[in-house]
Amino acid sequence: MLPLNKKSKQALIFGSLNHVVSDFVFALMVPILILIEEDPSLSINYTQIGIIRMVHTGAAGIAQIPFGLITNIFNEAWLIIIGNLWVTIGLIILSYVQTYPSVVFISLIGGLGGGAQHPLATNLVSRSYENKNQSTAIGTVNFAGDIGKILAPLCGTFILASLGWRKGLKFTGISTLIFISIYLLSVLKNFKYFTSKTTSNKIPDIYKPSLAFMVLCCALFIDSGIRTAAITFIPFVLKSIDLDTENVLFLLTALLIGGAIGKILCGWLNERYSFISIVLFTKGTTALIFFMFMFAEKLPLIPLMLVLGLGLNGTSSILYGQVGKTVPIDSRSSSYAYLYTLGEIGSATFPFLIGVLSDIYSITLTNSIFGVCALIVIGISFFIKDAQIKNKI
């Protein structure tokens, strides 16, 4: 039997490594969309780009509540692995499609597998670090996901753009399947340690959210929407100032590196400073940079992307960390599912709306909308209370 601290480390490693894979295969959609937009056989506009992104992330959001509820029946680790395999297979199938409706349909079906990783891995780690360092542990898992996000544009530059997005996607998808299979065989013996003590053979009662939790969900809805829409459309803003695809993907990588730093840094800061002070810092910086983007041609883009990434991603770690302070331990699995689902609804809705507005008005004008939304997150966060609860371990 593994000692408690080793169980916690095993859970953290498992959740983090799978988050790398999960966010990598999911974030591949961004460079894929950049290259699909350049594909003359498809000829898609900003609204259609927003629709693809909407159904892909929306499908993951829809699947999160069912995944969160069935953890009392199935082992969380198996569900996480199956979800990653599902998304990867969806990407391989996507490389074969020839029409825009087919791209939308496969993006929808493939996206469903993305519903497992976030609520289940976060709950697994949250439960393993119940007594201390919970925010830091959750921030570490989220940081691991951002490593996967960083790998996605690098893959786009060196594989998808070089081989062509279809051949490159086949190669990447098959390689990822092989990696998941090998990793699964190596950690299979530890799966029994990832099961909750409260695991039973029935669906748990649905969590009735408190007011603090509902406000938290509203903040995450907007925060996730801003982040996903920005990552989707900033590359096209950069292309509008005559940057080539390679430079756009490089700057996207810088944005995601900043995001990775923001996740782990803010998770650490949340153990030492107040929740609202970190939100003011991250979202205030985000709003300022988005308003500055109206003058993008005159700005130093690399440092700007790094700082913007920190502001975009940093808030989410502390929002997720607030769940441990507002929800009893036996309701966390379903509450994380609610939280991530609303986040994914925001992630699905915002890209579609920004795509429509970009086609009607201007791709650069929509940055001001992101800035206003970032300020709204600050306002909502003042209503989130650190309602500490006593949990039964």
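Here's a quick rundown of the structure.

What counts and how
Residues numbered from 1 in each chain as written. Predicted model: local features only at pLDDT ≥ 70, side-chain atom pairs only at ≥ 80, totals over all residues. Heavy atoms only, no water. Helix = DSSP H or I, 4+ residues; strand = E, 2+ residues; numbered from the N terminus. Areas by Shrake-Rupley, 256 points an atom, 1.4 Å probe, with all protein chains shown as cover. Expected span 1.5 Å × (residues − 1). Buried < 20%, exposed > 50% of the residue type's maximum accessible area, 1.4 Å probe, protein only. Contact = heavy atoms within 4.5 Å. Polar contact = N/O pair within 3.5 Å; in protein donor to acceptor, adjacent residues only side chain to side chain. Axes fitted to C-alpha atoms, helices over the stretch in contact; angles between N-to-C directions. Parallel < 35°, antiparallel > 145°, perpendicular 65-115°, else oblique. Left-handed = near helix turned anticlockwise from the far one by under 90°. Nonpolar A, V, L, I, M, F, W, Y, C, P; charged D, E, K, R; others polar. Salt bridge = Lys/Arg side-chain N within 4 Å of Asp/Glu carboxyl O. Patch = residues over 30% accessible without salt bridge, like charges linked within 9 Å, V, L, I, M, F, W, Y side chains within 5 Å. Core = buried A, V, L, I, M, F, W, Y, C linked by side-chain atoms within 4.5 Å. Phe/Tyr/Trp six-rings, centres within 6.5 Å; stacked < 30°, edge-to-face > 60°.

1. Some words on the overall build of the protein
Within the protein one finds 15 helices and zero strands. Looking at the protein as shown, the accessible area adds up to about 15,800 Å², and 70% of this sits on carbon and sulfur atoms.

2. Let's talk about helix 6 (residues 117-128)
Over its twelve residues, helix 6 runs 16 Å from end to end, which matches the ideal 16 Å to within 8%, given 1.5 Å per residue. Helix 6 sits mainly inside the fold: ten of its twelve residues count as buried. Among the residues of helix 6, those classed as buried are Gln-117, His-118, Pro-119, Leu-120, Ala-121, Thr-122, Asn-123, Leu-124, Val-125 and Ser-126.

3. Notes on the environment of Leu-280
Along the chain, the position of Leu-280 falls in helix 11 (residues 275-292). Residues Leu-280 and Ala-374, 94 residues apart in the sequence, show an inter-C-alpha distance of 9.7 Å. Setting aside residues no more than four positions away along its own chain, Leu-280 makes contact with Thr-285, Ile-378 and Phe-382.

4. Description of the side chain of Ser-358
Along the chain, the position of Ser-358 falls in helix 14 (residues 332-360). Residue Ser-358 is classed as buried on the basis of its relative accessible area of 5%. A polar contact of 2.7 Å, which involves the side chain of Ser-358, links it to the backbone oxygen of Ile-354. Sequence-distant contacts of Ser-358, that is, excluding residues within four places in its chain, are made with Tyr-46, Ile-363 and Thr-366.

5. Quick look at the packing of helix 2 (residues 29-37) against helix 9 (residues 211-239)
A pair of packed helices can be characterised by two numbers: the angle between their axes and the separation between those axes. Running from N to C, helix 2 and helix 9 point in directions that differ by 40°, and their axes come no closer than 9 Å. Compared by their axis directions, helix 2 and helix 9 come out oblique. Here the hand of the crossing between helix 2 and helix 9 comes out right-handed. Between helix 2 and helix 9, the residues in contact are Val-30, Leu-33, Ile-34 and Glu-37 and Ile-231, Thr-232, Pro-235, Phe-236 and Lys-239, respectively. In terms of residue class, the contact of helix 2 with helix 9 is made up of six nonpolar, one polar and two charged.

6. Considering the pattern of salt bridges
For the structure on display, the rule yields six salt bridges. For the salt bridge of Asp-23 with Lys-149, the shortest nitrogen-to-oxygen distance reads 2.5 Å. On the criterion of sequence distance, the pair formed by Asp-23 in helix 1 (residues 4-27) and Lys-149 in helix 7 (residues 134-163) is long-range, its members being 126 residues apart. Accessibility assignment for this pair places Asp-23 and Lys-149 in one class, buried. The salt bridge involving Asp-223 is made with Lys-283; its shortest N-O contact spans 2.8 Å. Placement of the pair is Asp-223 in helix 9 and Lys-283 in helix 11, with a sequence separation of 60 residues. For Asp-223, a relative accessible area of 0% translates into the label buried. Residue classification places Lys-283 among the buried residues on the basis of a relative accessible area of 0%. Through salt bridges with shared partners, a single network forms among Asp-23, Asp-146 and Lys-149.

7. Considerations on a nonpolar patch on the surface
On the surface, Phe-250, Ile-257, Ile-261, Leu-265, Trp-268, Ile-302, Leu-306 and Val-307 cluster together into a nonpolar patch covering about 650 Å² of accessible area. The set of elements that each furnish at least two residues to the nonpolar patch consists of helix 10 (245-269) and helix 12 (301-321). For the nonpolar patch, the leading source of residues is helix 10, giving five residues. Tracing the sequence through the fold places Leu-306 in helix 12.

8. Some words on the nonpolar core
Side chains of nonpolar character tend, in soluble globular proteins, to be buried together. Within the largest apolar cluster, 90 residues are counted, with the highest numbers of intra-cluster contacts made by Leu-28, Ile-32, Leu-94, Ile-226, Ile-234, Phe-290 and Phe-293. At 16 residues, helix 9 tops the list of elements feeding residues into this core. With near-sequence residues (within four places) excluded, Phe-293 lies in contact with Ile-234, Val-237, Leu-299, Leu-304, Met-305, Leu-308 and Asn-367. Formed by 19 residues, the second largest nonpolar core is a distinct cluster that contains Ala-11, Ala-77, Ile-80 and Tyr-183.

9. Brief notes about the environment of Leu-160
If you trace the backbone, Leu-160 turns up in helix 7. Since its relative accessible area comes to 1%, Leu-160 is described here as buried. A sequence separation of 129 residues divides Leu-160 from Pro-31, and the C-alpha atoms of the two residues are 8.1 Å apart. With sequence-adjacent residues up to four places away left out, Leu-160 is seen in contact with Leu-28, Pro-31, Ile-32, Leu-35, Cys-155, Trp-165, Gly-168, Leu-169 and Thr-172.

10. Remarks on the packing of aromatic side chains
For the structure on display, the rule yields seven aromatic pairs. Ring plane angle 70° and centroid distance 5.7 Å describe the contact between Tyr-46 and Phe-236, whose orientation is recorded as edge-to-face. Within this pair, whereas Tyr-46 is found in helix 3 (residues 46-69), its partner Phe-236 is found in helix 9, the two being separated by 190 residues in sequence. Aromatic ring contacts, followed pair by pair, group Phe-14, Phe-179 and Tyr-183 into a single cluster.

11. A closer look at the packing of helix 9 against helix 10
One can describe the packing of helix 9 onto helix 10 by two numbers: an axis separation of 9 Å at closest approach and a directional angle of 140°. Viewed along their axes, helix 9 and helix 10 adopt a mutual orientation that is oblique. Regarding helix 9 and helix 10, the two cross each other, and that crossing is right-handed. Within the contact between the two elements, helix 9 uses Ile-231, Ile-234, Pro-235, Leu-238 and Lys-239 and helix 10 uses Thr-245, Val-248, Leu-251, Leu-252, Leu-255 and Leu-256. In terms of residue class, the contact of helix 9 with helix 10 is built from nine nonpolar, one polar and one charged.

Don't take any of this as a statement about function, it's just geometry.
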